[in-house]
Every structure is written in structure tokens, then in C-alpha cells.
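Next come the chains, spelled out residue by residue.
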Amino acid sequence: MRIGELARRTGVSERSLRYYETQGLLASDRTPGGHRDYPEAAVDRVIRIQELYAAGLHSGRIRQLLPCMRDQDGGPSATATPRLVAELTAERDRIDGMIADLLRSRETLDEVIRTAGGDGRRTAARPAPQDGPRPRPR
């Protein structure tokens, strides 16, 4: 499939897909006209790359990790080294620490909101009630 189709199917920009190639995360063949041609498995690979970025991993770590994962289900293959497992365990511990910090911050904010008379659940999508009647949607 061409780069545009891969971008559409994964929701990832063509620019990002080209970046993944330069980082060694994704590979394509070339057509006689020089266009990128990706195999069907590239869809799973790009989704996996996005998940790993969302987990806070950088491209170098992802490059190390991808050969140790099956794209279809994200499960492990038998090629992970003990060193990589130790590094990934440390990365997971770092993420766990960030989650704990965020939870503490949210608890503090909830306390301040409750003390100020709010219910602690308002978000930008649900603003605080305003005084007076609201205009009706058209």
C-alpha cells in the first residue's frame, strides 16, 4: 500500500511515517517509480509504534523493542535480551512514578476545588453554571 493509504488507515501523518522510516522503526519497499510500498503488516506496526510513543518511550528504545514484539497482537517474541528486559522494567517503573505523581496532583486539585465550593468534577467540556438564563442552541 502507498504511504497515503497507510496514513489514512492508521491516523498517522505521512510525515510521521517517513520519520519512522528514518528512525528504523518502519520499512517499505519502493515501486519502480520510487514510491513507498508498505506491506499489510505495516498497519499493525504503526499502531504498535504509536502505543509505545504514548507510553513515553523514545524512538531509540522503540527501535530496540520492536524486534521483541509481535505486531499482530503486541505479544512478546523470544528475542528480548535480559538487558532489554531490565531497561524496560526501569522504564515501566518510571512511568508508574509519573502516574503516582499525577494522581497526587489530581487529589490536591480536587481538595482545592471542594474547599472552594465546587464538586471537583467540572472540566472544560462542562463549564460552571452561569448566572441568568442561557441562550438556547439553534
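Residues numbered from 1 in each chain as written. Predicted model: local features only at pLDDT ≥ 70, side-chain atom pairs only at ≥ 80, totals over all residues. Heavy atoms only, no water.

**Description of the confidence of the model for the chain**
Counted only if it meets this: Every residue gets a pLDDT, meaning the predictor's confidence in that residue, from 0 to 100. Contacts are assigned to residue pairs with any non-hydrogen atoms lying within 4.5 Å of each other.
With 79% of its residues at a pLDDT of 70 or more, the chain has an overall mean of 83. Below pLDDT 50 for its whole length, residues 129-138 participates in 4 contacts with residues either more than four positions away or in separate chains.

**Quick notes on the packing of helix 1 (residues 3-10) against helix 3 (residues 42-54)**
To characterise two packed helices, one gives the angle between the axes of the helices and the distance between these axes. Selection criterion: A fitted line through C-alpha atoms serves as each axis, taken over the contacting stretch for helices, and the angle formed by two N-to-C directions is quoted from 0 to 180°. The numbering of helices and of strands both runs from the N terminus, where a helix is a DSSP run of H or I of at least 4 residues and a strand a run of E of at least 2. Oblique is the label for any angle not covered by the other classes, which are roughly parallel (under 35 degrees), roughly antiparallel (over 145) and roughly perpendicular (65 to 115). Each crossing is labelled by how the near helix is turned from the far one, with a counterclockwise turn of less than a right angle marking it left-handed and a clockwise turn marking it right-handed. When residues are grouped by polarity, Ala, Val, Leu, Ile, Met, Phe, Trp, Tyr, Cys and Pro land in nonpolar, Asp, Glu, Lys and Arg in charged, and all others, Gly among them, in polar.
Relative to each other, helix 1 and helix 3 sit at 55°, their axes nearing to 10 Å. Judged by the angle between their axes, helix 1 and helix 3 are oblique. Helix 3 is crossed by helix 1, and the crossing has right-handed handedness. Along its contact with helix 1, which presents Leu6, Arg9 and Thr10, the element helix 3 presents Ala42, Val43 and Val46. Grouping the constituent residues of the contact of helix 1 with helix 3 by class yields 4 nonpolar, 1 polar and 1 charged.

**Re the packing of aromatic side chains**
Each pair of aromatic rings is reported with the distance of its centres and the angle of its planes. Note the threshold: The criterion for an aromatic pair is that two Phe, Tyr or Trp rings (for Trp, the six-membered ring) have centres within 6.5 Å, with stacked assigned to planes under 30 degrees apart, edge-to-face to planes over 60 apart and tilted to the rest. Note on classification: 1.4 Å probe, protein chains only; a residue is buried when its accessible area is under 20% of the maximum for its type, exposed when over 50%, partly exposed between these limits.
In total, this model carries 2 aromatic pairs according to the counting rule given. Each ring, one from Tyr20 and one from Tyr53, has its centre 5.9 Å from the other, and the planes form 25°; the classification is stacked. Residue Tyr20 is located in helix 2 (residues 14-22), and its partner Tyr53 is located in helix 3; the two are separated by 33 residues in the primary sequence. Residue Tyr53 is classed as partly exposed on the basis of its relative accessible area, which comes to 26%. Aromatic rings pair up to connect Tyr19, Tyr20 and Tyr53 into one cluster.

**A few points about the pattern of salt bridges**
Note the following rule: Any Lys or Arg side-chain nitrogen located within 4 Å of an Asp or Glu carboxyl oxygen qualifies as a salt bridge.
Taken as a whole and assessed by the stated rule, the structure comprises 10 salt bridges. One salt bridge in this structure joins Arg9 and Glu5, with 3.6 Å as the shortest N-O distance. Linking Arg9 with Glu5, this pair stays in helix 1, spanning 4 residues, or about one helical turn. For the salt bridge of Arg48 with Glu51, the shortest nitrogen-to-oxygen distance reads 2.2 Å. On the criterion of helical spacing, the pair formed by Arg48 and Glu51 is a turn pair, its members being 3 residues apart in helix 3. Residue class for Arg48 comes out buried when judged on its relative accessible area of 10%. On the accessibility criterion, Glu51 (41% relative accessible area) is partly exposed.

**Things to note about helix 2**
Our working rule: Throughout, the arc means that of the directions going from the helix axis to the C-beta atoms.
Three or more residues of helix 2 are buried, namely Leu17, Tyr20 and Glu21. With its buried residues spanning 100° around the axis, helix 2 presents them on a single face. Facing away from the buried side of helix 2 by over 90 degrees, the exposed positions are Arg15 and Thr22. Each element contacted by the buried residues of helix 2 is listed here: helix 1, strand 2 (36-37) and helix 3.

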